[in-house]
Amino acid sequence: GAVVSQHPSRVICKSGTSVKIECRSLDFQATTMFWYRQFPKQSLMLMATSNEGSKATYEQGVEKDKFLINHASLTLSTLTVTSAHPEDSSFYICSARDMKGTSGYSYEQYFGPGTRLTVT
Amino acid sequence: GQNIDQPTEMTATEGAIVQINCTYQTSGFNGLFWYQQHAGEAPTFLSYNVLDGLEEKGRFSSFLSRSKGYSYLLLKELQMKDSASYLCAVWGGLTGGGNKLTFGTGTQLKVEL
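The notes below deal with the structure included here. The structure presented is a predicted model; accordingly, all values stated were derived computationally and were not measured.

Moving on to unusual backbone geometry. Residues and elements named next belong to chain A. With an omega dihedral of 0°, the bond running from His-7 to Pro-8 counts as a cis peptide bond. Among the secondary structure elements, Pro-8 is positioned in the loop between strand S1 (4–7) and strand S2 (10–13). Although it is not a glycine, Ser-83 adopts a positive phi angle of roughly 45°. Here Ser-83 is to be found in the loop between strand S8 (76–81) and strand S9 (90–97).

Laid out in structure tokens, this is it:
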């Protein structure tokens, strides 16, 4: 089956530093990857849609200069949290959509295992 | 806009049947997903409905009524390991809905002995 990995799984950083999270599709190509944030006991909130070779599309209220997204290849997207603050502490989850079929499109998203970010 | 509603919490007994409802109002619709999420883990895919009716997959079934903006997830023969959060998500499709998944708040299911 389709596998998506994230690295690191857990990271603790000091306030003011930057953290990079990687999302990889291991056995399929993904033209589109999604980044979500989830606070405790809340649902997933979409932060941005990442398209290979183009700029990411950010959801309303998400600062694009703070959350830098780079989708450099069909198997890798990165999220960099710049100048992190304690309120950025959260569970960050990526997902990838498989390129399938003649239309190059598949309805299912495959989720990575998530990255727990703690900013002290 | 997108609005997806689910009950916050539900409790059921091991071996019983539980139905988790989801209502939605979205600007675009091209299918509804149900995911299971255990604490601290990523969501795992359970079902996808795009046409009206019931889709059965083992102990889990999912129902969709597009005219009513309504879906439910039915879990039979509940097991303790089914204790998790169940997320309803609507896919907006290539147009209108922005080609993205919008999640409901999730229903925390607790299975008791």
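Another point: the interface of chain B and chain A. Opposite the 19 residues of chain B that make contact, chain A presents 19 residues. Counting the surface lost from both chain B and chain A, the interface buries some 1,500 Å², and carbon and sulfur atoms represent 60% of this. Considering only the surface of chain B that becomes buried against chain A, Lys-100, Leu-101 and Phe-103 of chain B emerge as the three largest contributors, covering 28% of it. Across the contact surface, chain B and chain A share 1 salt bridge. Here Lys-100 of chain B ties to Glu-59 of chain A by a salt bridge, and the two come within 2.7 Å at their closest N and O atoms. Counting across the chain B and chain A interface gives 3 residue pairs in polar contact (both at pLDDT 80 or more). Sorting the residues of the side of chain B that touches chain A by element identifies strand S4 (32–37), strand S5 (44–49), strand S9 (84–91) and strand S10 (101–103) of chain B as the ones contributing at least two each. Here the side of chain B that touches chain A takes 3 residues from S4 of chain B, the largest share from any one element.

Bringing the pattern of salt bridges into the picture now. All names here are of chain B. In the structure shown here, the tally under the stated rule is 7 salt bridges over all chains. In this structure, Arg-66 and Asp-52 form a salt bridge, with 3.1 Å as the shortest nitrogen-oxygen distance. Of the two residues, Arg-66 sits in the loop between strand S7 (60–65) and strand S8 (70–75) while Asp-52 sits in the loop between S5 and strand S6 (53–57), which places them 14 residues apart along the sequence. Given the relative accessible area of 45%, Asp-52 is considered partly exposed. A salt bridge links Glu-112 to Lys-110; the nearest nitrogen and oxygen atoms lie 3.8 Å apart. By relative accessible area, Glu-112 is classed as partly exposed at 35%.

Residues and elements named next belong to chain A. The side-chain alternation of strand S11 (residues 115–119) yields one buried face, formed by Thr-115, Leu-117 and Val-119, and one unburied face, formed by Arg-116 and Thr-118. Looking at chain direction, S2 and S11 are connected through 4 bridges and run parallel. Counted as the bridge partner of Ile-12 is Thr-118 from S11. Looking at chain direction, S9 and S11 are connected through 3 bridges and run antiparallel. Opposite Phe-91, over in S11, you have Arg-116 as the bridge partner.

Criteria and thresholds
Residues numbered from 1 in each chain as written. Chains lettered and ligands numbered in written order. Predicted model: local features only at pLDDT ≥ 70, side-chain atom pairs only at ≥ 80, totals over all residues. Heavy atoms only, no water. Helix = DSSP H or I, 4+ residues; strand = E, 2+ residues; numbered from the N terminus. Contact = heavy atoms within 4.5 Å. Buried area = accessible area lost by both parts, 1.4 Å probe. Salt bridge = Lys/Arg side-chain N within 4 Å of Asp/Glu carboxyl O. Polar contact = N/O pair within 3.5 Å; in protein donor to acceptor, adjacent residues only side chain to side chain. Buried < 20%, exposed > 50% of the residue type's maximum accessible area, 1.4 Å probe, protein only. Pairing = 2+ DSSP bridges.

All we've got here are geometric facts, nothing functional implied.
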